[in-house]
Amino acid sequence: MLKLGKKDAGLFLFVVIITLLAPFILNPFPESSAFAQFNAGYPDLMQRFVIFGIFAIGFNILFGLTGYLSFGHAAFLGVGSYAAIWMMKLLTMNVIPAIIASVIFAGLFSLVVGYISLRRSGIYFSILTLAFAQMSFAMAYSVLTPITGGETGLQPKVNDPRIFDGALAEGTTPTAGLFGVKMRDSLEWSVGDWLFTFNFGYYFAAIMMLAAFYVSIRIFRSPFGMMLRGVKTNQQRLNYTGLNSKPYTLAAFVISGMYAGLAGGLLVAMDTQVGPERMFWTASGEVVLMAILGGAGTLIGPVLGAGFIKYMENIVSKINDTILHQWFYWLPDGLEDAVVAMIYPFIGKGWHLTLGIMFMAVVIFLPGGLVEGGQRIAGWVRGRFRGKESPTSGKAAGTPAE
Amino acid sequence: MGILEVQNVNKRFGGLQALNNVNLDVVEGSVHAIIGPNGAGKSTLLNCFVGRLVPDTGSVMFNGQSLLGIKPHEINQTGVSRVFQTPEIFTDLTVIENVMIPAFAKRDGAYKLNPFKRVQDEAEIRDHAEHTLEDVGLADKLDMTASEMSRGDKRRLEMAMCLVQDPKLLLLDEPTAGMARADTNRTIDLLKHIGESRGITKVVIEHDMHVVFSLADKISVLAQGTVLVEDVPENIKGHPKVREAYLGEAQV
Ligand SMILES: Nc1ncnc2c1ncn2[C@@H]1O[C@H](COP(=O)(O)OP(=O)(O)OP(=O)(O)O)[C@@H](O)[C@H]1O
Ligand SMILES: [Mg+2]
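All residue numbers refer to positions counted from 1 along the written sequence of the respective chain. Here the convention is simple: chains get letters from A, ligands get numbers from 1, in the order in which they are written. Note on the predicted model: pLDDT of at least 70 is required for a residue's local features to be given, and 80 or more for side-chain atom pairs to be given and counted; whole-chain, interface and lining totals, by contrast, use all residues. Side-chain numbers here rest on the full set of heavy atoms in the structure, without hydrogens or water.

## Here's the deal with the side chain of B:K11
Residue and element names in this part refer to chain B.
- Labels follow the DSSP assignment, with helices taken as runs of H or I lasting at least four residues and strands as runs of E lasting at least two, numbered in each case from the N terminus. You can see K11 is positioned in strand β1 (residues 4-13).
- Type-normalised accessible area, obtained with a 1.4 Å probe on protein chains alone, sets the label of each residue: buried when under 20%, exposed when over 50%, and partly exposed for intermediate values. Look at K11 and you get buried, because its relative accessible area is 11%.
- A polar atom in the side chain of K11 sits 2.9 Å from the backbone oxygen of V54.
- In this analysis, two residues are considered to be in contact whenever any of their non-hydrogen atoms come within 4.5 Å of each other. Ignoring any residue separated from it by four or fewer positions in sequence, one finds K11 in contact with L16, Q17, A18, L19, T44, L53, V54, P55 and D56. Whenever two N or O atoms come within 3.5 Å, that pair is a polar contact, provided that in protein one can donate a hydrogen and the other can accept it, and provided that, for residues adjacent in sequence, both atoms are side-chain atoms.

See the structure below:
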């Protein structure tokens, strides 16, 4: 199917189904239950899941395959966003030109940054990419203000030229869409105490993500992908074997930059504004966390990592002490306060702390990320049923070679 | 005229003269052994052939073309493959992938950026890699991760990675080190056999005299960066200079 191997086709199909059914899967709790705040099936967050999924999938093509750790990928995301918003200002609020421009401009910018940064490897490469990203951030803030809108950023205005669209009435806000359908349009379906939202923007971004995921599988299974893994394991050997590693790493860099650009463009398509903070180094660091947390070098890992981190950021951060007190009201008074006090640092603004601890735990105990965790559980379950442990089977399943 | 001509090569590491006016003339299709005590500069010399090191002075000509100042991948593309002293393999990849990569390099050149080709469609490359692995006796380990193999197997894998490219010049840095006697004999047979059928020129560094005398058409003896003698094996055995510098010490 789709020129994928059996296992890959299965994985792809699985991701397609999960993605399409996400509005249900992410909303398991009835609206009136105490758990409703753990529901993630609202458009804004679902869009983020798939968009940052794209960002992480692309990042993984560079980092997971070649081992080159870029610390500046948010710059490409930012360039994609700015390019998209300019298309919306100059051409049309239809997202197609915006998306295309975001990929092209991010691709060109990553070609330049990659060409220079790839002259070095290891930590020096990482520092170079970080420097580029911070430079982009600083320039977007200051000298490039005419293009970037400086600190306030950019958003489409009523009086922008927008040559393909008719003039908008004074006082309306331009909204992004696709041939008349708006990104924020949603269908709501209420079943009993459940409310499911099918948002057009989400499905648009989801299809982009599925396409991006498919391309990533094909890259992993190509001779090109094999060479990239060769770069990661032993670049010297690759060179003595007659292969010029530079074009390979540069191609991987540009591809991952284009993925980042696509993600940046989609962010703008969903929420038509952009500011320089999108390129700040913490945003570059976040995608590194996503890839490592999910499992760098695996196909599905980065998507899991992205989903996991965005879930934490949006859900755990919203839990506050009032909610905690509600949960633990049944405890004796003193004990209730003590329990709440113990959990409190890890929620709300403290979600970073929780994330940090989980990240450390993963790196120390599950170097292969959440994917390795899943494989270990699967291996353990299988072992239970067969009555014997097969410690290597899980590991072999993880090699992207298959 | 040799296929590989090395003239007056000098290499200094700080105060150490690792190579001192080294000359070497390797005849096409022959097996040329380089022997000498530890630290003599044997590996350093090979490093100068593959672009790992650049000699301070001197020239290295292969097939009439200078190998100095060009990149390692360009050197390989002219037909030079090397087995290293400590195996240089793709440890995270499977055995078959390790051999497919050089096969791709041979067929497609230094780079071919097509992300939408599929490895599984490359039956020709895979077959070739499988056959080569059969030749070196690793047919039953195709899908093993290379890092899990024994030292001897890694060495044979690296040999397959070179042989699959059907090089004009094969450089072998102690190809049998770490191998059991039986494996060593297999390797000797293999090296003899590929020599006959494909006419590959070989430069072999070896400490094992059994290997050297079974394979070599010519031997250069290197000590402290200097070539003491270059001669056919019969004359090397009894050569007083060689005894003094090398054989006497090793009691062979
Ligand atoms: N890159 C380097 N930098 C500094 N010194 C080096 C370097 N490479 C080799 N040497 C030194 O040069 C000398 C020759 O080393 P080389 O590895 O060529 O010896 P060898 O003949 O291959 O010995 P062995 O049989 O132990 O492999 C040694 O003294 C070694 O320490
Ligand atoms: Mg050596």
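Having seen the structure, we can now continue with the description.
## Some remarks on the pairing of strand β6 (residues 80-83) of chain B
Residue and element names in this part refer to chain B.
- Alternating positions in β6 separate into two faces, V80 and R82 on one and S81 and V83 on the other, with burial throughout.
- Between any two strands, at least two bridges found by DSSP are needed for them to pair. In terms of strand pairing, β6 meets strand β7 (residues 169-173) through 4 bridges, oriented parallel. Note on β7: the bridge partner recorded for V83 is L172.

## A look at the site of ligand 1
Residue and element names in this part refer to chain B.
- Being near a molecule or strand, for a residue, means having at least one of its heavy atoms within 4 Å of it. Taken together, 13 residues lie near ligand 1, and N38, K42, S43, T44 and Q85 sit nearest.
- With respect to ligand 1, the side chain of N38 contributes an N or O atom lying 2.8 Å from an oxygen atom.
- Here, Shrake-Rupley sampling with a 1.4 Å probe gives the accessible areas, and only protein chains in the shown set may cover a residue. Isolated, ligand 1 exposes 630 Å² of accessible area, and the fraction of that covered by the protein chains is 61%.
- If you tally residues by element for the shell around ligand 1, the top one is helix α1 (residues 42-50), at 3 residues.
- Classes in brief: Ala, Val, Leu, Ile, Met, Phe, Trp, Tyr, Cys and Pro nonpolar; Asp, Glu, Lys and Arg charged; the others, Gly included, polar. Residue classes in the shell around ligand 1 are distributed as 4 nonpolar, 7 polar and 2 charged.

## Overview of helix α15 (residues 351-365) of chain A
All names here are of chain A.
- End to end, α15 covers 21 Å across 15 residues, agreeing with the expected 21 Å (1.5 Å per residue, within 8%).
- For α15, every residue scored as buried is listed here: W351, T354, L355, F359 and V362. Buried positions in α15, seen along its axis, are confined to an arc of 135° and lie on one side of it. Those residues of α15 that are exposed and aimed more than 90 degrees away from the buried face are M360, I364 and F365. Multiplying one less than the number of residues by 1.5 Å gives the expected span of a helix. Each direction from the helix axis to a C-beta atom contributes to the arc, which is the arc of those directions.

## Details of the confidence of the model for chain B
- pLDDT measures the predictor's confidence residue by residue and takes values from 0 up to 100. Mean pLDDT for chain B: 90, with 95% of residues reaching 70 or above.
- For this predicted complex, the interface score ipTM comes out at 0.93, while the overall pTM is 0.92.

## Quick look at the environment of A:S33
- With respect to the helices and strands, A:S33 occurs in the loop between α2 (22-25) and α3 (43-66).
- Considered as a pair, A:S33 and A:F109 are 76 residues apart in the sequence and their alpha carbons are 48 Å apart.

## Topic: the coordination of the magnesium ion (ligand 2)
Residue and element names in this part refer to chain B.
- Surrounding the magnesium ion (ligand 2) are the protein donor atoms S43 (OG) and Q85 (OE1), at 1.9 to 2.1 Å. With S43 in helix α1 and Q85 in the loop between β6 and α3 (95-108), the pair connects residues that are 42 residues apart, well separated along the chain.
- Residue Q85 is classed as partly exposed on the basis of its relative accessible area of 33%. Only N, O and S atoms count as donors, using a 2.8 Å cut-off from the metal and 3.2 Å for Na, K and Ca, and because water is excluded some sites may appear unfinished.

## A short note on the domain arrangement of chain B
All names here are of chain B.
- Residue ranges for the domains trace back to a domain assignment, done automatically or taken from a database. Domain boundaries in chain B define domain 1 (1-79 + 167-252) and domain 2 (90-166).
- Placing the centre of domain 1 and that of domain 2 at their C-alpha centroids yields a distance of 25 Å.
- Domain 1 puts 22 residues into the contact, and the matching count from domain 2 is 16 residues.
- A combined buried area of about 1500 Å² lies between domain 1 and domain 2, and 56% of that area is made up of carbon and sulfur atoms.
- Buried area is calculated as the accessible area (1.4 Å probe) missing from two parts once they are joined, with the contributions of both summed. Area buried by domain 1 at its contact with domain 2 is led by P167, L190 and R198, which between them contribute 31% of it.

## Thoughts on the domain arrangement of chain A
Residues and elements named next belong to chain A.
- By the assigned domains, chain A splits into domain 1 (6-314) and domain 2 (318-390).
- A buried area of about 1500 Å², summed over both sides, lies between domain 1 and domain 2, and 77% of it is on carbon and sulfur atoms.
- Contact with domain 2 buries area across many residues of domain 1, yet Q37, L293 and M312 alone supply 36% of it, more than any other trio.
- Counted as salt bridges are all cases of a side-chain nitrogen of Lys or Arg within 4 Å of a carboxyl oxygen of Asp or Glu. Linking domain 1 with domain 2 are 0 salt bridges, by the criterion used here.
- Those elements that place two or more of their residues in the side of domain 1 that touches domain 2 are α11 (281-294) and α12 (301-314).
- Broken down by element, the side of domain 1 that touches domain 2 gets its largest block of residues, 7 residues, from α12.
- Of the residues that constitute the side of domain 1 that touches domain 2, the class distribution is 11 nonpolar, 6 polar and 1 charged.

## Comments concerning the packing of α3(A) against α11(A)
Residue and element names in this part refer to chain A.
- With their axes 9 Å apart at the nearest point, α3 and α11 run at an angle of 75° to one another. The angle between α3 and α11 falls in the class roughly perpendicular. Packed against α3, whose contacting residues are F52, F55, A56, F59 and F63, the element α11 presents A283, E286, V287, V288, M290, A291 and I292 at the interface. Only the stretch in contact is used when fitting a helix axis, every axis being a line fitted to C-alpha atoms; angles between N-to-C directions are given from 0 to 180 degrees. Should an angle lie under 35 degrees it is considered roughly parallel, over 145 roughly antiparallel, and from 65 to 115 roughly perpendicular; all remaining angles are considered oblique.

## Here we look at the nonpolar core
- Within the largest apolar cluster, 148 residues are counted, with the highest numbers of intra-cluster contacts made by A:V95, A:F213, A:L266, B:L133 and B:L157.
- Counting residues per element, this core draws most heavily on helix α10 (residues 245-270) of chain A, which supplies 16 residues.
- When residues no more than four places from it in sequence are discounted, the contact partners of A:F213 are A:L11, A:F12, A:V15, A:I57, A:L299 and A:I300.
- Here, the term nonpolar core denotes a set of buried Ala, Val, Leu, Ile, Met, Phe, Trp, Tyr and Cys residues that are joined through side-chain atoms within 4.5 Å. In terms of nonpolar packing, the next biggest core, distinct from the first, is built from 28 residues, B:I3, B:L19, B:V22 and B:V80 among them.

## Section: the interface of chain B and chain A
- At the junction of the two partners, chain B supplies 41 residues and chain A supplies 30 residues.
- For the chain B and chain A pair, buried surface summed over both sides reaches about 3000 Å², with 64% attributable to carbon and sulfur atoms.
- With a closest N to O distance of 2.6 Å, A:R237 and B:E158 form a salt bridge.
- The interface formed by chain B and chain A holds 18 residue pairs in polar contact (both at pLDDT 80 or more) in total.
- Secondary structure elements with two or more residues in the side of chain B that touches chain A: α2 (72-77), β6, α3 and α5 (151-163) of chain B.
- Residue contributions to the side of chain B that touches chain A peak at 6 residues, all from α3(B).
- Residues of the side of chain B that touches chain A, tallied by class, amount to 20 nonpolar, 10 polar and 11 charged.

## Observations concerning the sheet that holds strand β4 (residues 57-62) of chain B
Residue and element names in this part refer to chain B.
- Pairing is antiparallel in the open sheet, where 4 strands are placed in the order β2-β1-β4-β5. Here the strands that pair on one side only, and so sit at the sheet edges, are β2 (16-26) and β5 (65-66).
- Sheet topology places β4 next to β5; 2 bridges connect them, and they run antiparallel. Across the sheet, residue F62 finds its bridge partner in β5, namely Q65.
- Packed on one face of the sheet, α1 meets β1, β2 and β4 and runs near 65° to β2.

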